Structures are given as structure tokens and as C-alpha cells.
Protein chains: 2
Amino acid sequence: NHIIVCGAGRVGWQVAEQLSRENVPFVVVDSREDVLEKYVHGKFLYVHGDALDDAVLLEAGIERARGIVAALPTDADNVFITLTAKGIKADLLVVARADRLESEEKLRRAGADKVVSPAVIGGKRLAMSILKPVSVDYVDTVLHDREYEFSMEEMILQNPSPLIGKTLVEARIREETGAMVVAIYRGRQLISNPQGSEKLEADDLVILFGTREQLLAFERLAAAKPS
Amino acid sequence: NHIIVCGAGRVGWQVAEQLSRENVPFVVVDSREDVLEKYVHGKFLYVHGDALDDAVLLEAGIERARGIVAALPTDADNVFITLTAKGIKADLLVVARADRLESEEKLRRAGADKVVSPAVIGGKRLAMSILKPVSVDYVDTVLHDREYEFSMEEMILQNPSPLIGKTLVEARIREETGAMVVAIYRGRQLISNPQGSEKLEADDLVILFGTREQLLAFERLAAAKPS
Ligand SMILES: [Ca+2]
Ligand SMILES: [Ca+2]
């Protein structure tokens, strides 16, 4: 149930750092011995080999993995890894790095569940840093750091739950837990800032904002035995 | 009161796109005629010239600008732009792109107010995309898109304000406006998820989460004549 990080370069190394901070088990794969020696050895688990090679991904435990991050510097390599990984295990979560805008579509067609372009989010972040400097820092903190109490969580409303079939007003989430429902994803539909009259459905993905305690209280409320 | 975007490459172009989406006036500077012709011409205002050259920055209106984004692909160039820009106008907001981790410190010493590394935030984003896929999308939406109602805003509590000297409980911000105070920056100190007993001070930078209407209600409350 670990994560495989392909590439130990500047981007891949950041992925590893972040997963380590979140206490998530992972293994790094890279074919460059000097890069592994310099950044990874003695710090993170790794497999020395080419992530484009089925045998290497099998050695990294892809059959038991829950996800793979394709973070090599070349988009063509990340497309190849995506195809290989989905070929070995179709339900694996694949997140891929894209350097060129045009590659995003190709990575998706290869089966990537999520594509991240450092240039695109870097550019957006530069723009927002000049427009809303403090909020940008704060959101980074909330999303990336466990130390601050407020954060954003996502939870699937699984059947059975006493909340299913109730409107947000009837569910009394804010009153009972203090957490705020900021959005609901229902299939592909995003309901942002839902009205009190919005009725919760089974399998809704609910996004909440609150303290750790409030989010835990919501989890308990959602998972309670229906009365 | 515009923004100068140095570099029209992959990152700089995203900066321009985002500023354009936010209806903020800006001008792009690049020395590569083919890049300007292909991506910028007929779409954004631009100056053809080398952003490392004082005369070019003056032509881009640096004396009247409120900020500059140094988004060239080379860290050495961005350090040079930062020094040049701060030399011409010391109180200009300078946001710089860093490719290498080691450059961040150099850019700050050159005077950059904020440094953004696409590789670092790209790596973090890849990691969080595999751990909290939906929240990541949602935060992107809230921060980058005006269309969704919930968002994060930052506001400096300027003297005089009826809120100064009151605790959060006494200020009744949530009750009166619906907006949530998620953090307060006081000088360099971050108070995340402040207690009800926290007393608001002049020049506090307050970060709020709420709908556009709630945030406007807070602005009115904060700016009301003291009674
Ligand atoms: Ca976290
Ligand atoms: Ca916006």
C-alpha cells in the first residue's frame, strides 16, 4: 500500500520529501546512480533502475502499491511509465508531471488520473503571489503542513450514514462539529458553497474546512449508526 | 500601477494569463522576438527588449509599476532583474522565479519579496495530488478562480477600526458577517486558528475564509466609524 516515486531529480525529490513529511510509505526509482547517491541514499528507500522497465516497477512493488508518481524530466518518459503502470495494475492511482502544456492531454489519454505541470502552477503561483501574497502562503501552509490546526479534508459519504438523505440544514454539521462544508463533488459535478437546502447523497465527496478536531467530529457524525 | 512580467516563456506566459484573468493591468518584457510573436502579440501588451537592461524596464514603466515578476528561465538573470528593479524603485514588490533550491536565498538577498520555485511547488503538488486529490483541485479553484463563491481574502486592520482592541469573541465577526478568521499575521508571527480570547491589534493582517458577500460584510464591519 505504498507509493512509487519515479525520478529523484528536483521535482521527484520534492515529492519524496513531502510524502516523508506526511508519513506515507514510498520508494524512489531512478536509473542515475550519482543522483541516488547524492540525494536519496541513507534517507529514503529506493530501487536503482529504469522506471520505464516493467521488471524495475515490479521490483519496486507495483503490484502492492496504491499509487505511482511519474516525475521524470521528459514528458515522453512519463507517458511511457503511465502506460506501463496502468498495464500492470489498472486500478493504480497514477499522477504524472507534464513539462509542456501539450503533454497534459497525452498523459491523460495514456491513463494518468491527474497531471501536474510545474510551469503552469509555478506561473499561477507567481501571479497570485503578487496579488494576494499572504493568502498564498497561508494556503500552502494549510495544505502542506500538519502543524497548523486548520485544514481542508475530503471525505466520501459512505452508505450507511445518518447524513444521507438529509439537507445540510437538517444534518446540522456546523452546529454539531464546527466544520464547514465548503463544497460537494457529486460525480463530476462541483457544488461549491452548497445551500442549506442541498440534500446529501450516498457517495458524495464532501470537502470540509476546519480544525483537526472538528474534522474528526464530522467523521464520527457521518459514520454513526443510523438511528 | 501595473505589473511588469519579465519573460514570456512557459512560466511567464502563465503569469500573464493569470493576471489577465484577474483583470490586472500588466506588460510583458522579452528579448526573443519569435516568442513574443508566437504567444504574446495581439493578446497582451509587451515591450521587446532585454529585461536586464535598465532602459527596457523604464520603457515598461517601472517607475509607475506596483510590482514586477522575474520569470526568466535562468536564476542568475532573475537575481540581476531583482537588483535592477529594487535599484530603480526600492518599494516595488518583486516576485521571482527560482529554478534551483540554492537560488532562493540569493534572490532574497538581492531583494525579492517572494520567491517561487516551480519545481518545489510542482513536487509538493504531485505528492498532495496522490494523497488528497480533490482538496488540491478545490484549493486551486478557490485561489485561482473568481467564479466560485468561497474564497480566501487578506485584509489589514487599519486604524481606526471598531474591531481594534476587541477580542474575537467581542468582535462577533462570525455572527455579524458569516466570515471565518482562519489566521492572523502580526508582524512576522502567524497565529493560526486564533482563540476567541485573541485581541485584535492595529495593522494585524487578518486572513478570512468565506463567500464574497461575507468578506465584503467583514470589510464594512472593520471600516465602520468607531461608536
Ligand atoms: Ca498535511
Ligand atoms: Ca481570484
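Preceding this paragraph is the structure being described.
Below, the structure is looked at part by part. In every chain, residue numbers begin from 1 and rise along the written sequence. To read the labels, note that chains go from A and ligands from 1, taken in the order they are written. Where local features are concerned, this predicted model is filtered to residues with pLDDT of at least 70; where side-chain atom pairs are given and counted, the filter is 80 or more; whole-chain, interface and lining totals use all residues. Hydrogens are left out, water is left out, and the side-chain values use all remaining heavy atoms of the structure.

### Structural notes on the interface of chain B and chain A
Note on interface size: it is often stated as the accessible area lost on association of the parts.
Piece 1. The interface of chain B with chain A comprises 69 residues on the first partner and 69 residues on the second.
Piece 2. The junction of chain B with chain A conceals about 6600 Å² of combined surface from both sides, 71% of it contributed by carbon and sulfur atoms.
Piece 3. Salt bridge, as applied in this entry: a Lys or Arg side-chain nitrogen positioned within 4 Å of an Asp or Glu carboxyl oxygen. The tally of links from chain B across to chain A stands at 2 salt bridges.
Piece 4. Put simply, B:Arg10 and A:Asp99 hold a salt bridge, and the shortest N to O gap is 3.7 Å.
Piece 5. Polar contact is the term for a pair of N or O atoms within 3.5 Å; when the atoms are in protein, one must be able to donate a hydrogen and the other to accept it, and sequence-neighboring residues count only if both atoms are side-chain atoms. Between the two partners, chain B and chain A, sit 2 residue pairs in polar contact (both at pLDDT 80 or more).
Piece 6. Under this grouping Gly is polar, as are all residues other than the nonpolar Ala, Val, Leu, Ile, Met, Phe, Trp, Tyr, Cys and Pro and the charged Asp, Glu, Lys and Arg. Residues of the side of chain B that touches chain A, tallied by class, amount to 41 nonpolar, 12 polar and 16 charged. In what follows, a contact means two residues having at least one pair of non-hydrogen atoms within 4.5 Å. Buried area is a sum: the accessible area each of two parts loses on coming together, probed at 1.4 Å, counted once for each and added.

### Section: the environment of B:Leu36
Residues and elements named next belong to chain B.
Piece 1. Strands are runs of DSSP state E lasting at least two residues, helices are runs of H or I lasting at least four, and both sets are numbered from the N terminus onward. Tracing the backbone through its elements, the reader meets Leu 36 in helix H2 (residues 33-40).
Piece 2. Only protein chains enter the accessibility calculation, which uses a 1.4 Å probe; a residue whose area is less than 20% of its type maximum is buried, one above 50% is exposed, and one in between is partly exposed. Given the relative accessible area of 3%, Leu 36 is considered buried.
Piece 3. Note: C-alpha distance between Leu 36 and Gly 7 (29 residues apart in sequence) is 9.5 Å.
Piece 4. Residues in contact with Leu 36, not counting those within four places in the same chain, are Asp 30, His 41, Tyr 46, Val 47 and His 48.

### What to know about helix H1 (residues 10-21) of chain A
Residue and element names in this part refer to chain A.
Piece 1. A helix is expected to span 1.5 Å multiplied by its residue count minus one. End to end, H1 covers 17 Å across 12 residues, agreeing with the expected 16 Å (1.5 Å per residue, within 8%).
Piece 2. Within H1, 9 of the 12 residues are buried, which leaves the element mostly enclosed by the surrounding structure.
Piece 3. The complete set of buried residues in H1 reads Val 11, Gly 12, Trp 13, Gln 14, Val 15, Ala 16, Glu 17, Gln 18 and Leu 19.

### Side note on helix H5 (residues 103-110) of chain B
All names here are of chain B.
Piece 1. Of all the residues in H5, the buried ones are Ser 103, Leu 107 and Ala 110. Along the axis of H5, the buried positions cluster into a sector of 60°, meaning they face one direction only.
Piece 2. The secondary structure elements touched by the buried residues of H5 are helix H4 (75-88), strand S5 (93-97) and strand S6 (114-116).
Piece 3. Once H5 ends, the next one or two residues include Gly 111, with phi positive near 115°. An arc is given here, and it is the one of the directions from the helix axis to the C-beta atoms.

### Thoughts on the relation of the copies chain B and chain A
Piece 1. Expressed as a screw transformation, the operator carrying chain B onto chain A has a rotation angle of 180° and an axial translation of 0.0 Å, and the superposed copies differ by an RMSD of 0.1 Å. Within this description, the copies of the chain are treated as partners about a two-fold rotation axis. Residue B:Pro118 of chain B places its C-alpha closer to the rotation axis than any other residue of that unit, at 2.5 Å.
Piece 2. Taken as a fraction of all interface residues of chain B, those also at the interface in chain A reach 100%, which identifies the copy contact as same-surface. For this overlay, a least-squares fit was computed on C-alpha atoms, restricted to residues scoring pLDDT of at least 70 in both copies.

### A few points about the nonpolar core
Piece 1. Core analysis: the largest hydrophobic core is formed by 48 residues, its most contacted members being A:Leu19 and B:Leu19.
Piece 2. In this view, B:Leu19 contacts A:Ala127, A:Ile130, A:Leu131, B:Ile3, B:Val5, B:Val24 and B:Phe26; residues no more than four positions away in its chain are not counted. As used here, the term nonpolar core means buried Ala, Val, Leu, Ile, Met, Phe, Trp, Tyr and Cys residues forming a set that is joined through side-chain atoms within 4.5 Å.

### Brief notes about the sheet that holds strand S1 (residues 3-6) of chain B
Backbone hydrogen bonds are what pair the strands of a sheet, in a parallel or an antiparallel way.
All names here are of chain B.
Piece 1. Paired strands are those between which DSSP finds at least two bridges. Within the open sheet, the 6 strands sit side by side as S3-S2-S1-S4-S5-S6. Their pairing is parallel. Across the chains shown, the open sheet's two edge strands, defined by having one partner strand only, are strand S3 (46-48) and S6. Neighbour to neighbour, the strand axes of the sheet diverge by 20° on average, direction disregarded.
Piece 2. Alignment of S1 against strand S2 (residues 26-30), held across 4 bridges, turns out to be parallel. Across the sheet, residue Val 5 finds its bridge partner in S2, namely Val 28. Here, axes are lines fitted to C-alpha atoms. For helices the fit covers the stretch in contact, and angles between N-to-C directions go from 0 to 180 degrees.

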